[in-house]
Every structure is written in structure tokens, then in C-alpha cells.
Amino acid sequence: MVSKKIRVLVVDDSAFMRKVISDILNSDPEIEVIGTAKDGVEAVELVQKLEPDVITMDVEMPRMNGLEAVKKIMEIKPTPIVMLSALTKEGSKITFEALEAGAVDFISKPSGSISLDIRKIGEDIIKKVKQAAKAKVVKKVSTTRHKPTIKEEKEEKKTLPQTSEELTVPDSKLKEMCVIIGSSTGGPPVVTEIISKLPKRMPPIFVVQHMPPGFTKLFADRINQVSKLNVKEAEHGERVMPGYVYIAPGDYHMLLTKRGENVYISLDNKMPKVNGTRPAVDITAESVANIYGGKSVGVILTGIGKDGAYGFKKIKEKGGKIIAQDGKTCVVFGMPKAVIELGIADLVLPPSEIPEAIVKFCKEILGG
């Protein structure tokens with residue numbers, strides 16, 4: 001029996017890129033490009049007419065950009081969408097907004113067609129489209145919101161939602177434990193939601209989100225705008241502090257080392273990929289287990305594959321607590337499912353309930 005091909009709609013304002021992406025995708029026997037569109041307006045029309053399984057969506061286009069197209073498509077015909085994002089400030093801003101609007105993943109688009117490493121980006125596009133075909137998307141009704149002023153942004157930061165309970169233990173105690181969050185496909189909006197609801201006083205939090213180089217700093221900056229915690233891209237050699245969230249940089253494994261009473265971050269881009277990715281949740285989670293032992297809370301979120309299962313098992317063996325995102329709310333129920341199937345999850349929850357559970361476990365571990 002011949003399996004059904006993944007039917008793809010390619011959207012890009014460049015005729016050259018439409019041809020390149022179509023050729024790449026058609027080179028795989030499991031994928032078939034069924035149409036192309038030069039802007040968001042055409043994309044919305046063709047989605048209704050052709051009903052593709054997956055869409056690759058350029059970010060910056062005339063008439064209707066990628067973000068507006070995603071919002072429209074998620075309203076009228078929810079379809080897994082992979083964004084093709086140029087690493088520019090505007091491009092990345094639109095990409096993250098598109099993920100929040102329902103796009104399932106994105107690919108970093110090389111700048112300049114001449115220098116395109118076709119083979120390298122080709123493998124990535126094929127892989128992401130196949131992953132997206134397994135994603136679960138739901139109808140989203142977009143709400144238009146005016147662009148906040150700087151004053152409004154500051155006011156918003158002061159009144160951010162948070163869990164009802166604060167951690168009352170001293171900073172010296174907060175230093176003794178940590179939280180690790182691992183996620184992949186569909187993860188950025190969920191990570192943002194969880195961190196934005198945590199109180200200001202927390203143990204150090206390590207985040208491993210599968211994401212290409214360049215975007216992790218922008219991701220950190222974006223979460224920092226809506227969080228009471230200090231969110232930053234991790235730097236090699238920096239000392240770990242309570243009240244901080246450290247995002248693993250793209251293409252670097254994030255490890256931890258202890259010297260005296262202090263823990264330091266060690267970044268490595270020479271170690272091979274683990275579970276096909278760098279950074280890998282397993283690498284950081286094993287480091288957490290070795291340094292913090294049972295004084296750890298592990299949170300595994302939406303994503304394809306099983307990255308994190310091995311490392312979280314190490315944390316559990318040391319007496320740490322594990323929270324997994326439930327299948328109903330995952331874009332891809334892969335990574336949490338692998339953890340749940342090992343029998344190591346203490347709680348299986350939707351994202352809305354995870355912040356409170358993290359605080360509860362921190363209070364149990366620290367006794368305060």
C-alpha cells in the first residue's frame with residue numbers, strides 16, 4: 001500500500017525561493033508541492049481551494065505579510081504552518097508573533113540567494129515539513145491589539161500575572177535548587193506563557209528550546225518583556241543566580257559546573273548533536289541531575305522525539321520532581337509522551353496549570 005504524500009503549499013514573494021523550496025520538497029518521495037503563492041492574499045485563497053497538509057510561509061511579503069496570513073488561515077482553515085524567517089529584527093519579531101498566532105515551527109532563511117547552502121537548508125526544510133505534518137493545530141480567532149507605548153509596556157510589566165504564592169525562603173536557599181524546562185516544536189508560546197506567570201523570586205531556571213542560532217537571544221528578550229524574572233540568553237562562564245532564566249543558545253549545548261558554592265554555565269558547540277539537536281534537553285538535564293540532584297524540578301513540553309527523557313530520568317532517580325505537558329494541549333505529543341511512558345512524571349498538566357505546580361514543588365523542596 002502506497003502511503004499518502006504530504007501535500008505542501010509554498011508561500012514566498014521571491015520566484016527564485018518558490019522554485020528552490022519546491023524543488024527541495026519535491027525531491028523527497030514523501031512530499032508533494034501542490035501549489036505556490038507569492039503573498040499572503042494568494043496563500044489564504046489557495047489554502048481554501050487546495051487544502052494542503054502543510055504550508056511553508058515567508059515572513060516579509062507585500063500586500064499581506066506572513067503574520068497576517070497565519071492569523072487568517074488559523075481562523076478559516078487551521079493548517080500546520082512552518083515560517084521561513086530571515087534573521088532580522090523585524091523578521092524575528094513577526095516570526096515569534098506568528099508562532100503565538102498558531103504557526104507550529106520556523107526555519108532560519110539564509111540571507112542572499114547566491115550564498116545559499118541548498119543541501120543544508122534543504123534537509124532542514126524537509127525535516128520541519130515532515131514534523132509539521134504530525135502537528136495538531138486548532139482554530140484561533142485573532143484579536144487586534146494596538147501597539148503599546150513604552151509607558152504602557154512598563155505599566156504592563158509591573159502588573160504581570162503570576163502564581164498566587166511567592167517563595168519566602170532567602171536567596172541563599174534559592175541557590176540550592178533549580179528548574180529546567182525543555183521543549184521543541186510548538187514550544188515558544190508555551191515557554192513564554194509559563195515563565196510570564198512565575199513570581200519574581202525563583203531558583204535559577206534553565207530553558208532548552210530547540211531553536212537555531214541567533215533566534216535564542218531574540219526569544220529571551222521577548223520573554224523578558226513579559227516576565228517578572230530576568231530572562232537572558234546564557235553566556236559561557238557566567239555564574240548562575242536566583243531570579244534568572246537562562247535560555248540555551250542555538251547550536252550550543254548548555255552544561256553546568258560547580259566551583260565552591262557557585263554554579264557556572266558552560267557552553268559547548270563542539271560536542272556532537274544529541275537526539276539530532278544542539279542544544280539538547282538531555283545534556284542540560286543530566287548536568288542538572290549531577291549538580292542539583294533531588295533539588296530539581298523538570299518540566300517537559302511539546303515537541304517531537306524523545307529529547308529530555310534520558311536526562312529527566314536522571315533527575316527523577318536523584319529525587320527531583322517532573323512535570324509533563326498533557327497530550328491534549330501539545331502541538332506534538334512526543335517529548336512529554338516519552339517522559340510519561342517512562343513512568344517518571346509526577347504531574348501531567350496543561351500549560352495554564354504548570355506555573356503553580358512549579359512553585360508548589362519548589363516550596364516542597366525548599367521547605368518555605
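Here's a quick rundown of the structure.

Scoring rules and cut-offs
Residues numbered from 1 in each chain as written. Predicted model: local features only at pLDDT ≥ 70, side-chain atom pairs only at ≥ 80, totals over all residues. Heavy atoms only, no water. Helix = DSSP H or I, 4+ residues; strand = E, 2+ residues; numbered from the N terminus. Rg over C-alpha atoms; globule rule 2.2 N^0.38 Å. Buried < 20%, exposed > 50% of the residue type's maximum accessible area, 1.4 Å probe, protein only. Contact = heavy atoms within 4.5 Å. Areas by Shrake-Rupley, 256 points an atom, 1.4 Å probe, with all protein chains shown as cover. Lys, Arg positive; Asp, Glu negative; His and termini not counted. Charge placed at Lys NZ, Arg CZ, Asp CG, Glu CD. Axes fitted to C-alpha atoms, helices over the stretch in contact; angles between N-to-C directions. Left-handed = near helix turned anticlockwise from the far one by under 90°. Pairing = 2+ DSSP bridges. Core = buried A, V, L, I, M, F, W, Y, C linked by side-chain atoms within 4.5 Å. Salt bridge = Lys/Arg side-chain N within 4 Å of Asp/Glu carboxyl O.

1. A look at the overall build of the protein chain
No. 1: From N to C terminus, the protein chain includes 13 helices and 14 strands.
No. 2: What you see for the protein chain is a C-alpha radius of gyration of 21 Å, in line with the 21 Å of a compact globule of 368 residues.
No. 3: Overall, the C-alpha framework of the protein chain stretches about 60 × 50 × 40 Å when taken along its three principal axes.
No. 4: Residues counted as buried form 51% of the 368 residues belonging to the protein chain.
No. 5: Considering only residue pairs separated by 6 or more positions, the protein chain has 74% of its internal contacts joining residues 24 or more positions apart.
No. 6: Total accessible area on the protein chain stands at roughly 16,500 Å², and carbon and sulfur atoms take up 52% of it.
No. 7: For the protein chain, the separation between the mean place of its 55 positive charges and that of its 48 negative charges on side chains is 2 Å.

2. Digging into the environment of Lys363
No. 1: Among the secondary structure elements, Lys363 is positioned in helix H13 (residues 354-366).
No. 2: Taking relative accessible area as the criterion, Lys363 reaches 22% and is therefore assigned partly exposed.
No. 3: Separated by 238 residues in the primary sequence, Lys363 and Ile125 place their C-alpha atoms 43 Å from one another.

3. Overview of the packing of helix H4 (residues 89-101) against helix H9 (residues 215-225)
No. 1: Packing of H4 against H9 brings their axes to within 11 Å, and their N-to-C directions diverge by 65°. Here H4 runs over H9; the crossing is right-handed. Here Ser92, Lys93, Phe96, Glu97 and Glu100 of H4 lie close against H9, whose contacting residues are Phe215, Leu218, Phe219 and Arg222.

4. Considerations on the sheet that holds strand S3 (residues 54-58)
Hydrogen bonds between backbone groups are what pair the strands of a sheet, and the pairing can be parallel or antiparallel.
No. 1: Pairing is parallel across the open sheet formed by 5 strands, whose spatial order is S2-S1-S3-S4-S5. This sheet does not close on itself; its edge strands, each paired only once, are strand S2 (31-37) and strand S5 (105-109). When the angles between neighbouring strand axes are averaged without regard to direction, this sheet yields 25°.
No. 2: Pairing analysis gives 4 bridges linking S3 to strand S4 (residues 81-86), with the strands arranged parallel. Looking at the pairing, Asp58 lines up with Leu84 of S4.
No. 3: Sitting on the sheet, helix H1 (residues 15-26) touches strand S1 (6-11), S2, S3, S4 and S5, and the angle it makes with S2 is about 165°.
No. 4: Packed on one face of the sheet, helix H2 (residues 40-50) meets S1, S2 and S3 and runs near 135° to S2.

5. Structural notes on the nonpolar core
No. 1: By size, the foremost hydrophobic cluster in this structure holds 61 residues, and its most contacted members are Met57, Ile181, Met202 and Ile358.
No. 2: Counting residues per element, this core draws most heavily on H13, at 7 residues.
No. 3: With near-sequence residues (within four places) excluded, Met202 lies in contact with Leu167, Leu174, Val179, Leu229, Pro242, Gly243, Ile358, Val359 and Cys362.
No. 4: One finds Ala285, Ile300, Ala309 and Phe312 within the second-largest nonpolar core, a separate group that totals 28 residues.

6. So, unusual backbone geometry
No. 1: Pro279 follows Arg278 through a cis peptide bond whose omega is 10°.
No. 2: Relative to the helices and strands, Pro279 is located in the loop between strand S11 (262-268) and helix H10 (281-292).
No. 3: Although it is not a glycine, Glu51 adopts a positive phi angle of roughly 50°.
No. 4: Relative to the helices and strands, Glu51 resides in the loop between H2 and S3.
No. 5: Of note, Asp251 is a non-glycine position whose phi angle comes to about 75°, a positive value.
No. 6: Mapped onto the secondary structure, Asp251 falls in the loop between strand S9 (244-247) and strand S10 (253-259).

7. Some remarks on the pattern of salt bridges
No. 1: Per the counting criterion, the structure on display carries 22 salt bridges.
No. 2: Between Glu100 and Arg222 there is a salt bridge; the shortest N-O distance is 3.1 Å. In this pair, Glu100 sits in helix H4 while Arg222 sits in helix H9, placing the two residues 122 residues apart along the sequence.
No. 3: Looking at Glu100, the relative accessible area reads 34%, which means it is partly exposed.
No. 4: The network of salt bridges with common partners includes Asp28, Glu30 and Lys130.

8. So, the pairing of S11
No. 1: Of all 7 residues making up S11, 5 are buried, and the element is well covered by its neighbours.
No. 2: Of the strand pairs in this sheet, S10 and S11 are connected by 7 bridges, and their pairing is antiparallel. What sits directly across from His253, in S11, is Asp268.
No. 3: Remark: 2 residues form the turn of the hairpin made by S10 and S11, two consecutive strands paired antiparallel; Gly260 in that turn has positive phi of roughly 65°.

Keep in mind these numbers describe shape, not what the thing actually does.
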